[in-house]
Amino acid sequence: MTQQYHSAPALREETVPGGGHLSFILKRGQILRMTDLHGGANVSMMMLNAHEKSERLNLPDTLKGQHTARLTAGHCFYSDMGRVLTGILTDSCGWHDPFGGVLNAAETLEKYGEGRYQERRNGFYRNGMDNLLVEMGKWDLNLEDLLMVVNFFSKVSVDEDGSFHYQRDFSAPGSVVELYAAMDTLIVLTSLQHPLDSDPEYAPRPVALSWFTADDPLAAEHALLTRPENGRALDNTHLFAL
């Protein structure tokens, strides 16, 4: 049985529609619960230190430090200062992709065809790069601040010759992942199809978000001590928060 790290009710609840985007500060000690409502969702997420935005998610260090090429429960997201931004507490998928990135406008046009606002109104075809930049602008961040993203709810495996393989509809309806904030973390996200998704139809899926306060922050951090490196990174985070 999966351990619960928070109690009801939620502090806040919101649904990000397919193609939507959002940004907010996940405060230290809070838990963000993401739920794939219909299955096959993909959430592309950036993370930054909310108070020192020059400190950002470092995915190469995140993977090297934890000796993994996929992300799941017990894994931390390291900053480029060797601290922990967030960590995965609960995960019903078992695999989240750190490699795939997002599409830009030209790539979206090439993949899905024309989807202009003039014809489709609010159903126009959005792209991950522009969605992220719209949210980043709300925090005085620009193109040069655009980071690598984690693609939650998506599985991309790598074969022996280094080729990527995307598994379609990997995430089942109702799949859940929960992130614990070890520091105040600026989250920037968009809900769009994974760049490697072979579906030729533009059909991004919605995701529900819920915010909670951790019942026991020490227990939540203990769940992230799956590697010695995580303990050292959390120690660095505690020093920063003093």
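Right above here is the structure, for reference.
Residues numbered from 1 in each chain as written. Predicted model: local features only at pLDDT ≥ 70, side-chain atom pairs only at ≥ 80, totals over all residues. Heavy atoms only, no water.

Chemist: Looking at this structure, I do not really get the side chain of Asp145. What am I missing?
Modeler: Checked against the element boundaries, Asp145 lands in the loop between helix 4 (128–137) and strand 7 (150–152). Taking relative accessible area as the criterion, Asp145 reaches 12% and is therefore assigned buried. Polar contacts involving the side chain of Asp145 include one to the main-chain amide nitrogen of Asn142, which spans 2.7 Å. Dropping the residues within four chain positions of it, Asp145 is found in contact with Met46, Arg56 and Met136. (Helix = DSSP H or I, 4+ residues; strand = E, 2+ residues; numbered from the N terminus. Buried < 20%, exposed > 50% of the residue type's maximum accessible area, 1.4 Å probe, protein only. Polar contact = N/O pair within 3.5 Å; in protein donor to acceptor, adjacent residues only side chain to side chain. Contact = heavy atoms within 4.5 Å.)

Chemist: Explain the packing of aromatic side chains to me, please; I cannot follow it from the model alone.
Modeler: To describe a pair of aromatic rings, one takes the distance between the centres and the angle between the planes. Under the criterion given, the structure shown has seven aromatic pairs. Centre to centre, the rings of Phe24 and Trp211 are 4.9 Å apart; their planes meet at 75°, and the pair counts as edge-to-face. You can see Phe24 sitting in strand 2 (residues 21–26) and its partner Trp211 sitting in strand 12 (residues 207–213), a full 187 residues away along the chain. Looking at Phe24, the relative accessible area reads 5%, which means it is buried. On the basis of relative accessibility, which here comes to 3%, the residue Trp211 falls in the buried class. Members of the aromatic cluster, connected to one another through ring pairs, are Tyr112, Tyr125 and Tyr202. Across from the ring centre of Trp95, 4.7 Å away, lies the NZ or CZ of Lys155, which sits over that ring. (Phe/Tyr/Trp six-rings, centres within 6.5 Å; stacked < 30°, edge-to-face > 60°. Lys NZ or Arg CZ within 6 Å of the ring centre and 35° of its normal.)

Chemist: Please explain the environment of Val177 as it appears in this structure.
Modeler: With respect to the helices and strands, the residue Val177 is situated in strand 10 (residues 176–181). Take Val177: its relative accessible area is 0%, and that puts it in the buried class. Beyond its immediate chain neighbours, meaning those up to four positions away, Val177 contacts Leu32, Arg33, Met34, Ile88, Thr90, Asp91, His96, Phe152 and Phe153.

Chemist: Before we go on, may I ask you to explain the sheet that holds strand 2 in this structure?
Modeler: Pairing between the strands of a sheet comes from backbone hydrogen bonds, and it takes one of two forms, parallel or antiparallel. Strand order in this open sheet of four strands is 2-11-4-7, and the pairing throughout is antiparallel. Two strands lie at the open edges of the sheet, namely strand 2 and strand 7, each paired on one side alone. Averaged over all pairs of adjacent strands, the angle between their axes in this sheet comes to 25°, without regard to strand direction. Where strand 2 and strand 11 (residues 185–191) come together, six bridges link them in antiparallel fashion. Note that in strand 11 the partner of Phe24 across the bridge is Ile187. Helix 4 rests against strand 2, strand 4 (43–49) and strand 11 of the sheet, and its axis sits at about 145° to strand 11. (Pairing = 2+ DSSP bridges. Axes fitted to C-alpha atoms, helices over the stretch in contact; angles between N-to-C directions.)

Chemist: What is the right way to read the sheet that holds strand 5 (residues 76–78) from this model?
Modeler: An order of 1-12-3-10-6-5 is seen for the six strands of this open sheet, with the pairing classed as antiparallel. A strand with exactly one partner marks an edge of an open sheet, and here the two such strands are strand 1 (12–16) and strand 5. When strand polarity is set aside, the average angle formed by the axes of neighbouring strands in this sheet is 20°.

Chemist: Can you help me understand the state of the cysteines in this one?
Modeler: Simply put, disulfide is the name for a covalent bond between the sulfur atoms of two cysteines. Counted according to the given criterion, the structure contains zero disulfides. Of all cysteine sulfurs, the one in Cys93 lies closest to Cys76, which takes part in no disulfide; the gap is 19 Å. Look at Cys76 and you get buried, because its relative accessible area is 0%. (Disulfide = S-S within 2.5 Å.)

Chemist: Please clarify how the pattern of salt bridges should be interpreted in this entry.
Modeler: Any two side chains of opposite charge can pair if their charged atoms end up close together. Taken as a whole, this structure holds eleven salt bridges when the rule is applied. Among the ionic pairs, Asp197 bridges to Arg168, the shortest N-O distance being 3.3 Å. Of this pair, Asp197 sits in the loop between strand 11 and strand 12 while Arg168 sits in the loop between strand 9 (164–166) and strand 10, and the two are 29 residues apart along the sequence. Note on Arg168: relative accessible area 38%, which makes it partly exposed. Here Glu229 and Arg227 are joined by a salt bridge, their closest N and O atoms 3.3 Å apart. Here Glu229 falls in the partly exposed class, since its relative accessible area comes to 21%. On the accessibility criterion, Arg227 (29% relative accessible area) is partly exposed. (Salt bridge = Lys/Arg side-chain N within 4 Å of Asp/Glu carboxyl O.)

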